[in-house]
Amino acid sequence: MKKPELLVTPKSVDHISALIEMGADAFVIGEHQFGLRLAGEFSVSDVEKATKLIHEAGKKVYVAVNAIFHNDRIDALDNYLKEMQRIGVDALIFGDPAVVVAVRELEITIPLHWNPETIATNWFQANYWYERGAKRTVLARELSLDEVIEIKENAQPEIQVQIHGMTCMFQSKRSLLGNYFLYRDEVMEIENRKANKNMFLHDKERKNKYPIFEDVNGTHIFSPNDMCLIDELTELFEAGIDSLKFDGVLHTEGYINTVTNCYRQAIDAYFDTGEDAYDDIKDELLEKIEEIQPELRPLDTGFIFKETVY
Amino acid sequence: MLQLIENEKIRETVNGKRVITKKPELLAPAGSLEKLKVAVHYGADAVFIGGQEFGLRSNAGNFSIEEMREGVEFAKKYGAVIYVTTNIFAHNENMAGLEEYLQAIEGVGVRGIIVADPLIIETCRSVAPKLEIHLSTQQSLSNWKAVKYWKQEGLHRVVLAREVGAEEMFKMKEEVDIEIEAFVHGAMCIAYSGRCVLSNHMTARDSNRGGCCQSCRWDYDLYEEVDGGEKALFNEDDAPFAMSPKDLKLIESIPHMIELGIDSLKVEGRMKSIHYVATVISVYRKVIDAYCADPDNFKIQKEWLEELDRCANRPTASSFFEGEPGYEQQMFGDHASKMKWDFAGLVLDYDQATQMVTLQQRNYFKTGDTVEFFGPDIESFKLTVGQIWDEKGNELEIANHPLQIVKFKCERPLFSYNMMRKENI
């Protein structure tokens, strides 16, 4: 059986070495002009430095160009893609079909990963985008384990699944935080909090807290819990999922390092020694994560064991 | 400033007068056969409906294949066409039965489907090739290069994201030769459609398969985290954080949209009443027709705007068409507002000789009430209701049974499908 890739999100160029040491196989980087909800902000020259560092260690680097683009960024997108081609990153993560057209027109040879988040829900779509150049599909986080496995069984592209961290549940183009402060005639609040990523919405009825922030892509709202599958990986391993992603958005470097290392240990135990070895350490790994888990961010298993109705 | 598309045949000069030769389609929602008939009768060029499968709005009225057939036949008499929404993002378990369903839709003469998932696009292409394929707004289509992508994929039409502004539409029309459909009226998502799963998290209902519970319209409290603690970012008397958008209303932007060459103007609201559909469609019909007939002397009339407000139960705004919407296009604090007018009755028949109208009651009214009649074939007028009779000729003072058939005298002629409304005091 093939070991799945452990994909993580560094917060800066300087953070990468630590994550390599912690056992990461691949990295998602980019900048918010083109990519959505990234853990860190990487300018083109940062991408260049990061790529060098990552390639020297024999690891992979993927750049996010998965924004919902409007006309005003289409020209800039072309230039950005050319820069990525020059730098030689290992994949471009996209959601907007404009990227497919641009890549064809510019004869970019970097492989594509299709990641529109919420709408990647069936294997037919995975194969559809595979035929159009996406060698990987990143599945929606709102799928059950059975759905994930069935997609993997029927999909031609590689399949990537999120196994840890928060998930985005809402993106609006509107400036919803800014509008709230403006409505209350508190313009200073907007200036004060422009770059802040420490706000959350409290849902009194459900006693949930939803992180919220704004950037050039609009307003983003996140799940109340961090998903954590550290002790539930067996079936994903057996299904042959190609890449397991830990999204560290809104977490600290220290947290990202520790969690990355826990998943490294889990994967290595299972694939180097066997299922029993993984079973032996998984509770301990979970405890280790629970110890450093921020109080405001309870852990759960996302939709993996949850049914939705409609 | 109006931007005009020049490279396309939108206008002509006839006897020295400019006229618009390319009228956009007026597209209406319908959650039932009755609503479909009303929409067409009141001037819709096309109607979109939901079937019993593969569509969003699982709790909206949805059509059986037989009802679709009847709807298509009815519309045909008016030269109107029907589209069916099949715009879920399917999960594996939703894939069964799709081919038969699409073939059945094609078989009853539906013009096209509105679709988001490539699974349904590709399946339709191979099993029901006569159906036009329109890309749903669920794909959040926001730039011209993505429009080009769907053109290359052979789609007939794209429905834009609600976040697209006038200038962006202009560029799309310039760059790509494909039909463009844009929303002009109705409720809308505050998120990019398709990119919101609040409902999944909060109520385990899948928003992208029709289960949306509109969690975005609830109130929340805004806090910030400071040194591991929580600090409220509101005072006791502040309205809570809210994301509820005012409803879209672009009636005054219709001339601009026509000049941009937008192919289809879409009214939202399959769950709305026949009164809503009739009022909204008739007003948009008047504006489109008046502008196209004489664009240079067009002026929006106050009565049209007032008429449109009569079926509104929420505040309205222009959203993204006229630029980035600010806080004044959202609703904070008390959301409730009341409809100014109630739908009181549907005209079934009118007897010229006796001047008696036969009406199906839709809301309480009584002798002495002032009511208003409107319809596509009459000028709106007011009337004080006199003696009311039931079907058997018994005298009534109050019409208070839903769907009761009643008669009373009206000197001005009425036609079936005309509607009666009553001011909400």
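As named in an unreviewed UniProt entry, chain B is Putative protease, taken from Ureibacillus chungkukjangi.

Chain A has the name Putative protease in an unreviewed UniProt entry, where Ureibacillus chungkukjangi is given as its organism.

> Looking at this model, I keep getting lost on the overall build of chain B. Mind explaining?
Scanning chain B from terminus to terminus reveals 10 helices and 27 strands. On C-alpha atoms alone, chain B measures out to a radius of gyration of 23 Å, which is about the 22 Å that the 2.2 N^0.38 rule sets for 425 residues. For chain B, the C-alpha atoms occupy an extent of roughly 70 × 60 × 50 Å along the three principal directions. Contacts in chain B between residues at least 24 apart in sequence constitute 65% of all its contacts with a sequence separation of at least 6.

> What is the right way to look at the interface of chain B and chain A in this model?
The extent of an interface is frequently quoted as the accessible surface area lost upon association of the parts. Listed by partner, the interface residues are 54 residues for chain B and 52 residues for chain A. Elements with a contribution of two residues or more to the side of chain B that touches chain A: helix H4 (118–127), helix H5 (144–152), helix H6 (166–175), helix H7 (198–203) and strand E10 (219–226) of chain B. Per-element accounting of the side of chain B that touches chain A gives the leading share, six residues, to E10(B). Split by residue class, the side of chain B that touches chain A holds 24 nonpolar, 15 polar and 15 charged. Bridging between strand E9 (residues 199–203) of chain A and E10(B) involves four bridges; their strand directions are antiparallel. Directly across from Met199(A), in E10(B), lies its bridge partner Glu224(B).

> Explain the sheet that holds strand E26 (residues 405–409) of chain B to me, please; I cannot follow it from the model alone.
Whenever strands of a sheet pair, they do so through backbone hydrogen bonds, lying parallel or antiparallel. All names here are of chain B. Pairing within the open sheet is antiparallel, and its eight strands lie in the order E22-E21-E27-E18-E19-E26-E23-E24. Of all the strands in the sheet, just strand E22 (378–384) and strand E24 (395–396) have a single pairing partner and so form its edges. Pairing analysis gives two bridges linking strand E23 (residues 388–390) to E24, with the strands arranged antiparallel. By the bridge assignment for E24, Trp389 is matched with Glu395.

> How do you make sense of the UniProt feature "domain: Peptidase family U32 C-terminal" (unreviewed entry) in chain B when you look at a structure like this?
Residues annotated by UniProt as "domain: Peptidase family U32 C-terminal" (unreviewed entry) correspond here to residues 340–421 of chain B. The straight-line gap between the two end C-alpha atoms of residues 340–421 of chain B is 10 Å; of that span, 0% is helix and 57% is strand.

Conventions and cut-offs
- Residues numbered from 1 in each chain as written.
- Chains lettered and ligands numbered in written order.
- Predicted model: local features only at pLDDT ≥ 70, side-chain atom pairs only at ≥ 80, totals over all residues.
- Helix = DSSP H or I, 4+ residues; strand = E, 2+ residues; numbered from the N terminus.
- Rg over C-alpha atoms; globule rule 2.2 N^0.38 Å.
- Contact = placed C-beta atoms within 7 Å.
- Nonpolar A, V, L, I, M, F, W, Y, C, P; charged D, E, K, R; others polar.
- Pairing = 2+ DSSP bridges.
- UniProt positions renumbered as here; feature names shortened; annotations may be inferred.

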